[in-house]
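Fold and contact review
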Amino acid sequence: MDPLLLLEQFFNGLQFGVMLFLIAAGLTLVFGIMDMVNLAHGSLVMIGAYLATTFIGWTGSFLGGLALAIPATFAVGALVEVVALRTLYRRNHLEQVLATFGLILFFNEIVRIIWGPISLYSGLPDYLTGQVEIIPGAPYPVFRLIIIAVGLAVAGIIYAIVAHTRLGMLIRAGASNNEMVGALGINIKSLFTFVFALGAVFAGLAGMLLGPLTSVEPGIGEPLLILAFVVIIIGGIGSIRGAFIAAILVGVVDTVGRVALPVLLRAFVTDAAADTAGPAVASMLIYILMAAILVVRPQGLFPARTG
Amino acid sequence: MAMGMSKRILAAAAGLTIAATPVAAEKVKVGFITTLSGGAGIIGKPMKNAFELGMEHVGGRLGGFETEIFYGDDKRKPDVAKQLANRMIKKDRVHFVTGIIWSNLLIAIHGPVTRSNTFLISSNAGAGAVAGKRCSKDFFNVSFQNDVMPEGMGKYMTDKKIDNVYAMAPNYQAGKDMIKGFKRMYKGKIAGEVYTKLGQKDYQAEISALRAAKPSAVFIFLPGGMGINFVKQYAQAGLSKKIPLYSVYSVDALTLPAMKDAAVGTYGVQHWSPDLGNTVNRRFVTEYRKKYGKTPAFYAAQAYDTVLFLDHAIRKAGGVGDRDKLRAAMRAGDFPNTRGAFKFNNNQFPIQNIYLREAMHENGKYFTKTLGVVLSAHGDSYAKDCKMKW
């Protein structure tokens, strides 16, 4: 494969990776600080996508729709935490899995009831449909570059919050040892609600950016959720830095693997066999990667837990 | 004494009444399985609409008999389709299981349904796997065999001397059939053969690889939501005007409204088009537009044809009681249909024309225009492996 194509595929992988990071960030925070397995995190991606599509339709403006959808997703996240998830913190992980799995079913149905089962396709405003030649000879869609930019910006914002604010300090302390934080007199309840709602916004933002690229329908969050779990396991539970690095790693391995593997296999087996086996093995790649990393470092690349 | 007499009179009267009641004509029961949820719901809902429109046109009675239709949503999952088929056969006791969009679902239910003394009519799926050795006397396909469309495309591109083609399809039975069928009649060079994940939504990586291979044309089979996502992303990557796009089962009345300008100028081949001029088709397209406000795609035309097919055969056979008589009536293939020229092959798959179409944008409307016949009265290549003769 020629190096320019490899570079272009790297960009594709980077774009997929930052999308995964947006989803994994909230997931790892919730898992790390509140010690809760939240399977319904993928549903927040879906809800963000639906809200954005609806608001874009109402306001007729892409940015206007996003501006409304972001606080709306925050509100939904806070509501879900207060009403449904608060009772789960004290429960064991299996009960949390069962309860949040039920939430997945609930959200998929309610979305089906409100918006119908048929996929929605939102378009992009004209100023975002062009291409830019970042790599000579390979025009790259502007919107995907924007996604990369947004993802990196969010990563920067999260870093700034976590490393340089009091809230960030509380988050880091909570990820290490949340009982101690509560014992020190911090209003743990509000902290948890805020952290959850913040994670919901990031997940919803991923959905809002995905919507114009692909389509919006019930259940779009679940495949991404599975990948997000792979990301936080590789990166280390509770670690934002780990989630970022693991997300880029997973994104690049999955994307480059998908296109490189059939080509690579042709060197060893017949073309027909390579074209059949390639896609199958490529879809297993990231899980093989996860298994390999767990063998070497079971707690993930950058574990945050001490307590 | 008197009590015993009246009891016997009552019993005799009851016996006479039962003997005198004529046996009620058997109700015709039909199961229709389609996909109503998710990205594929865009295909299933119009099929159900067209089926209902067909039932309206035959007065709600197939062959003149009282009819009950059972609808099912298979969610594009083979195990759900199997459960639905089983329920329809065992609980609802249907005479026909119809519908089925996806080839992998068809293969999953083909065995169980044909072994259960129930007719299976495919209103869309045309897997080669059930067209050759595994052909069954209880399975009819009123839509098409998957390979014939890509065969038509292969012949067209060979005739037009288009060389160096990049082919893409999803990694499942029908996807593999499509590329196989294309290569059966395409004699030029293949620049690349890529199988993507079924239901994949983001094709950016594949588009990058495609561009690097520098093909002179791209041939895709990406039905429903997959095609919409690919064609839109293809346009977003700036390739629509650079590398011509040819497709089968991907750009049609269903997906065009979502693809809009991204699809204009692409070519496709199909066995049916909304602008086919025969009487049945003109009535179908007009009535469908009037009732549902949209132009129907080939999926809907096939669902409508399924109703006409059953209605004609049941009427000809005088009911669903004699299955052999019914089968002979179905095999005649002389039912009114939206395609015009239609016959059954020995494997009970269609013999029909294949047309070339181009996607256009005129007067604010997106539609496909039929440009000509690519293959006429074309039968599929699996029929020779089917041992049935009649």
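Residues numbered from 1 in each chain as written. Chains lettered and ligands numbered in written order. Predicted model: local features only at pLDDT ≥ 70, side-chain atom pairs only at ≥ 80, totals over all residues.

This part is about the overall build of chain A. Helix and strand content of chain A: 11 helices and 2 strands. The N-to-C order of helical and strand elements in chain A reads α-α-α-α-β-β-α-α-α-α-α-α-α. If you line up chain A on its principal axes, its C-alpha atoms span 65 × 50 × 35 Å. Burial statistics for chain A: of 307 residues in total, 49% are counted as buried. (Helix = DSSP H or I, 4+ residues; strand = E, 2+ residues; numbered from the N terminus. Buried ≥ 20, exposed ≤ 12 C-beta atoms within 10 Å, placed from the backbone.)

Check the secondary structure of chain B and you find 12 helices and 14 strands. Relative to a compact globule of 390 residues, whose C-alpha radius of gyration would be 21 Å, chain B shows 24 Å and is just as compact. Considered along the principal axes of its C-alpha atoms, chain B spans approximately 100 × 45 × 35 Å. A burial count over chain B gives 57% of its 390 residues as buried. A separation of at least 24 residues holds for 72% of the contacts in chain B among residues at least 6 apart in sequence. (Rg over C-alpha atoms; globule rule 2.2 N^0.38 Å. Contact = placed C-beta atoms within 7 Å.)

Contact with chain B, which involves 28 residues of that partner, is made by 27 residues of chain A. When contributions to the side of chain B that touches chain A are tallied by element, the ones reaching two or more residues are α2 (41–57), β8 (190–196), α7 (204–213) and α8 (225–236) of chain B. Ranked by residues supplied to the side of chain B that touches chain A, first place goes to α7(B) with 7 residues. Of the residues in the side of chain B that touches chain A, the class split is 9 nonpolar, 12 polar and 7 charged. (Nonpolar A, V, L, I, M, F, W, Y, C, P; charged D, E, K, R; others polar.)

Moving on to helix α10 (residues 240–265) of chain A. Residues and elements named next belong to chain A. Here α10 is 26 residues long and its end C-alpha atoms lie 35 Å apart, about the 38 Å a rise of 1.5 Å per residue gives. The largest bend in α10 amounts to roughly 40° and is located at Gly257. Within α10, 19 of the 26 residues are buried, which leaves it mostly tucked inside the rest of the structure. (Expected span 1.5 Å × (residues − 1). Bend = angle between axes of the 7 residues up to and from the residue.)

Here we take up the confidence of the model for chain B. Residues and elements named next belong to chain B. Summarising the model, chain B shows a mean pLDDT of 90, and 93% of its residues fall at 70 or more. Low confidence marks residues 19–23, where pLDDT is under 50. Its contacts with residues over four positions away, or in another chain, come to 0 contacts. Both scores are given for the predicted complex: the pTM is 0.79, the ipTM 0.79. (pLDDT = per-residue confidence, 0-100.)

Quick look at the sheet that holds strand β6 (residues 139–141) of chain B now. Sheet strands associate in pairs through backbone hydrogen bonding, adopting either a parallel or an antiparallel arrangement. Residue and element names in this part refer to chain B. Read from one edge to the other, the open sheet built from 6 strands follows the order β2-β3-β1-β4-β5-β6, with strand pairing classed as mixed. Two strands lie at the open edges of the sheet, namely β2 (61–62) and β6, each paired on one side alone. Relative to the sheet, helix α4 (residues 103–114) contacts β4 (96–99), β5 (119–122) and β6, its axis offset from that of β5 by approximately 155°. (Pairing = 2+ DSSP bridges. Axes fitted to C-alpha atoms, helices over the stretch in contact; angles between N-to-C directions.)

So, on to the environment of Phe202(A). Residues and elements named next belong to chain A. Of note, Phe202 is situated in helix α8 (residues 188–213). On a C-alpha basis, the gap between Phe202 and Leu264 in space is 36 Å, while along the polypeptide they are 62 residues apart. Those residues in contact with Phe202, other than ones at most four positions away along the chain, are Leu22, Ala25, Gly26 and Val154.

Let us now look at unusual backbone geometry. Only a minority of non-glycine residues have a phi that is not negative, and only a minority of peptide bonds are not trans. Residue and element names in this part refer to chain B. The phi angle at Asn164 is positive, at roughly 65°, despite the residue not being glycine. The residue Asn164 is located in the loop between α5 (148–159) and β7 (165–170) in this model. Its identity is not glycine, yet Ala377 carries a phi of approximately 40°, on the positive side. For Ala377, the position within the fold is in strand β14 (residues 365–378).

Bringing the packing of helix α1 (residues 3–33) of chain A against helix α5 (residues 142–164) of chain A into the picture now. Residue and element names in this part refer to chain A. Between α1 and α5, the shortest axis-to-axis distance is 9 Å and the interhelical angle comes to 40°. Between α1 and α5, the crossing angle belongs to the class labelled oblique. Between α1 and α5 lies a crossing of left-handed hand. Seen from α1, the contacting residues are Leu14, Gln15, Val18, Met19, Phe21, Leu22 and Ala25; seen from α5, they are Arg144, Ile147, Ile148, Gly151, Leu152, Val154, Ala155 and Ile158. Taken together, the residues of the contact of α1 with α5 break down into 12 nonpolar, 2 polar and 1 charged. (Parallel < 35°, antiparallel > 145°, perpendicular 65-115°, else oblique. Left-handed = near helix turned anticlockwise from the far one by under 90°.)

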